[in-house]
Amino acid sequence: MDPVALISWIVVFVVVTVTVTGLSGRAGWSAPVVLVIVGGAASFIPAVPHVQIEPDLILYGILPPLLFAAALRTSLIDIRARNDGIILLSVGAVAFTVVTVGFASWLLIPSITLAAAFAFAAVIAPTDAVAVTAIAGKLRLPRRVVTILEGESLLNDATALVALNASIIAITSVVNPVVIAGEFVIEVVAGVGVGLAVGWVLSEVRRRLRAPVLDTSLSLVTPFLAFLIAQSLHGSGVLAVVTAGLLLGFRSPVVQSAEARIAESLNWRTIQFLLENAVFLFIGLNLSGILEGAVRTGPGLWPTVFISIGVLAALIGSRFVWEMSVTAIYRLGPKRLRERSWSWGNGIAVSAAGVRGVVTLAAVFLLPEETPAREFLQFLAFVVVVGTLLSGLALPAIIRALHLPPPNHDQEKVEQLMLMAEVQTAGLERLDELTTEADEEQVLVRLRTNASFLAEALEQEVADGDEPRPAAFARLRRQMIAAERAALLAARSEGRYQEPAVAAVLAAIDAEETALKATSPKRPRA
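Residues numbered from 1 in each chain as written. Predicted model: local features only at pLDDT ≥ 70, side-chain atom pairs only at ≥ 80, totals over all residues. Heavy atoms only, no water.

Q: Tell me about the overall build of the protein chain, residues and numbers included.
A: From N to C terminus, the protein chain includes 23 helices and 0 strands. Taking all 526 residues of the protein chain together, 45% fall into the buried category. Across the protein chain, the fraction of contacts at a sequence separation of at least 24, relative to all contacts at a separation of at least 6, is 79%. For the protein chain, the exposed surface amounts to about 26900 Å²; the carbon and sulfur share of it is 66%. (Helix = DSSP H or I, 4+ residues; strand = E, 2+ residues; numbered from the N terminus. Buried < 20%, exposed > 50% of the residue type's maximum accessible area, 1.4 Å probe, protein only. Contact = heavy atoms within 4.5 Å. Areas by Shrake-Rupley, 256 points an atom, 1.4 Å probe, with all protein chains shown as cover.)

Structure (structure tokens):
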């Protein structure tokens, strides 16, 4: 394909992704499912170029930035607080799934070897960070459930890839369990070590950068740097990227300027949006090629249907059994475990959110050519991805049936205001320390008024139906900002000011409006 045609198709690909995602959101549909359907339908159109997954492109080009973007927005403190539940899922559940689904696949699929069955189980065992974020992010799940799901999907790829490598070796040679265990330890230690090193070194470099554009540029290459170094040292590139992202996100307030943090956040939100939605369209575009291989090498229509249902049932069932067993151990076990237990409803919600995505499709293409029924296994991996995405559509109904408490946004907003008042009080104390006789009283009064307003407003007694002062301030200030922006645009259209002055004032207005949205309390419900 010539460069002009390639660029044209890339533009079409992005436009279709954005359009379908936007329309799906307006209609209340699941964007990942719609994108897979649109891509699958387009794959049978002769004019659409044939798309084939390149595993290295996915593993080295798409997976690192996706994992890094998710890790930056994931709280390291929350991960540490829920580390037992996350480890049990990212390691224990994957291992249990590999064994359970491996034996089930070996019994269901004709002529497949046990090693190939375990390799296939390792491919479909891990949940996908992209898919889980796309599904869970739109549901009002309890914070604990969301933290566990996101942490699991960030870390379980490493376990699955180790299991896959061991199974691939078993397909072509003899497996030594001691060697496999040693490789797993090396991958984990090297991956985490590289992630910590890259995160610490880059955070120290970014501490000394003053230009946000340089800071953001360095941020864009960070996931690839961590992944490539870890892979070259036989470590887990996935763990390296996730570790670096968690560390840099945690240290961001210390090492970055406010402007650099805003720029980085906006850039990675855009990259994450484009990639996490584009991969679902990409999955669909592979349908025709995968289906062609399955028809050529598969056992026939009805055996294929039976096998697909059996594999999906084994996959979903193994996750449910593992999660319910772990929940029972925590709820019924020793006091130390009971103190950290979660509800049965949370366990059911976590087990129901086992969505697979592009990582599964990329990993199945890593199976060696001598793998029995290789093309049929590729088709089954596609069925698993689509099947788990469709099962994710039942999550809202499951959440409603479980009566799980949604995140208490009102309480979170109150905590946010209280914290803001606390830090502003610290600012007032610092102002008192710095004040001298040379400082103008009018300046000091303005600073004290702005800083003390929120603390005084929180002490205000609000009668039923009355609007709290912070809410009234936010409402009126937004109207003022709208008028200020209109005046600025009028002045620009009349050409009374140079563009640098206009851009600077507009940026200041936008920054205040953004901060106002982040801290504005909701008006209490009647």
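The rest of the description comes next.
Q: Could you give an account of the layout of surface pockets, naming the residues involved and the relevant values?
A: Here the second largest pocket defines a volume of roughly 870 Å³. In terms of lining residues, the second largest pocket is bounded by 27 residues, among which Ser 252, Ala 258, Arg 261, Ile 262 and Ser 265 are the most central. For the lining of the second largest pocket, the secondary structure elements donating two or more residues are α3 (55-72), α11 (237-255), α12 (258-285) and α23 (499-519). (1 Å grid on protein atoms, 1.4 Å probe; cavity = no way out; pocket = protein on both sides within 12 Å on 5 of 7 lines; lining within 4 Å. Points joined across faces, edges and corners; volume = space filled by probe spheres on them.)

Q: Pulling in residues and values, what's your account of the environment of Leu 312?
A: Looking at where Leu 312 falls in the secondary structure, it is placed in helix α14 (residues 301-332). Given a relative accessible area of 18%, Leu 312 falls into the buried group. For the pair Leu 312 and Val 384, spaced 72 residues apart in sequence, the C-alpha to C-alpha distance is 6.3 Å. If we ignore the near neighbours within four places in the chain, the residues touching Leu 312 are Val 383, Val 384, Gly 387 and Thr 388.

Q: Please give an account of helix α2 (residues 31-42) that cites residues and values.
A: A rise of 1.5 Å per residue sets the reference length of α2, with its 12 residues, at 16 Å; its end C-alpha atoms lie 16 Å apart and thus fit the reference within 8%. Along α2, 9 of the 12 residues are buried, which leaves the element largely enclosed by surrounding structure. Among all positions in α2, only Ala 31, Pro 32, Val 33, Val 34, Leu 35, Val 36, Gly 39, Gly 40 and Ala 42 are buried. (Expected span 1.5 Å × (residues − 1).)

Q: Describe the nonpolar core, with residues and values.
A: By size, the foremost hydrophobic cluster in this structure holds 89 residues, and its most contacted members are Ile 124, Leu 164, Ile 283, Leu 361 and Leu 380. Ranked by residue count, the leading element in this core is α3, at 11 residues. Residues contacting Leu 164, with those up to four places away along its chain left out, are Ala 119, Ala 122, Val 123, Ala 363, Leu 366 and Leu 367. (Core = buried A, V, L, I, M, F, W, Y, C linked by side-chain atoms within 4.5 Å.)

Q: If you had to explain the packing of aromatic side chains to someone new, which residues and values would you point to?
A: Each aromatic ring pair is summarised here by two numbers: the centre-to-centre distance and the angle between the ring planes. Counted under the stated rule, the structure contains 7 aromatic pairs. A centroid spacing of 5.6 Å and a plane angle of 35 degrees characterise the contact between Phe 96 and Trp 322, whose relative ring orientation is tilted. Here Phe 96, found in helix α5 (residues 83-108), pairs with Trp 322, found in helix α14; they are 226 residues apart in sequence, far enough to count as distant. Owing to a relative accessible area of 28%, Phe 96 belongs among the partly exposed residues under this scheme. Following the ring pairs from residue to residue traces out a cluster consisting of Phe 103, Trp 106 and Phe 118. (Phe/Tyr/Trp six-rings, centres within 6.5 Å; stacked < 30°, edge-to-face > 60°.)

Q: Before we move on, could you go through a nonpolar patch on the surface and cite the residues and values that matter?
A: Taken together, the side chains of Leu 6, Ile 10, Val 14, Val 18, Phe 273 and Leu 274 make up a nonpolar region of the molecular surface, amounting to roughly 450 Å² of accessible area. Only α1 (3-27) and α12 provide two or more residues apiece to the nonpolar patch. No other element matches α1, which puts 4 residues into the nonpolar patch. If you trace the backbone, Ile 10 turns up in helix α1. Of the residues examined, Ile 10 reaches a relative accessible area of 46% and is grouped as partly exposed. (Patch = residues over 30% accessible without salt bridge, like charges linked within 9 Å, V, L, I, M, F, W, Y side chains within 5 Å. Salt bridge = Lys/Arg side-chain N within 4 Å of Asp/Glu carboxyl O.)

Q: If you had to explain the confidence of the model for the protein chain to someone new, which residues and values would you point to?
A: In the predicted model, the protein chain carries a mean pLDDT of 82, and the fraction of residues at 70 or more is 89%. The secondary-structure element of the protein chain with the lowest mean pLDDT is helix α7 (residues 129-136), recorded at 60, while helix α10 (residues 212-232) shows the highest, at 93. (pLDDT = per-residue confidence, 0-100.)

Q: Go over helix α8 (residues 143-172), please, and point to the residues and values.
A: An ideal rise of 1.5 Å per residue puts 44 Å on 30 residues; α8 measures up with 44 Å between its terminal C-alpha atoms. If you look at α8, its biggest bend is around 35 degrees, right at Leu 155. (Bend = angle between axes of the 7 residues up to and from the residue.)

Q: Outline the packing of α2 against helix α18 (residues 374-392), supporting the account with residue identities and numerical values.
A: Between α2 and α18, whose axes approach to 9 Å, the crossing angle comes to 140 degrees. α2 and α18 meet at a crossing whose hand is left-handed. For the pair α2 and α18, contact is made by Pro 32, Val 33 and Val 36 and by Val 386, Leu 389 and Leu 390, respectively. Classifying every residue of the contact of α2 with α18 gives 6 nonpolar, no polar and no charged. (Axes fitted to C-alpha atoms, helices over the stretch in contact; angles between N-to-C directions. Left-handed = near helix turned anticlockwise from the far one by under 90°. Nonpolar A, V, L, I, M, F, W, Y, C, P; charged D, E, K, R; others polar.)

Q: Just give me the short version of the side chain of Ser 203, but keep the residues and values in it.
A: One can find Ser 203 in helix α9 (residues 177-207). In this structure, Ser 203 is in contact with Leu 248, Arg 251 and Val 255, ignoring residues within four places of it in sequence.

Q: Break down the pattern of salt bridges for me, with residues and values.
A: Applying the stated criterion to the full structure yields 9 salt bridges. Linking Asp 215 and Arg 206 is a salt bridge whose minimum nitrogen-to-oxygen distance equals 2.9 Å. Just as Asp 215 is buried, Arg 206 falls in that class too. The network of salt bridges with shared partners includes Glu 204, Arg 207, Arg 208 and Arg 251.

Q: Residues and numbers for unusual backbone geometry, please.
A: Even without being a glycine, His 234 presents a positive backbone phi close to 65 degrees. Assignment of secondary structure puts His 234 in the loop between α10 and α11. Positive phi, normally seen in glycine, also occurs at Ala 373, with a value near 55 degrees. Tracing the backbone shows Ala 373 in the loop between α17 (358-364) and α18.

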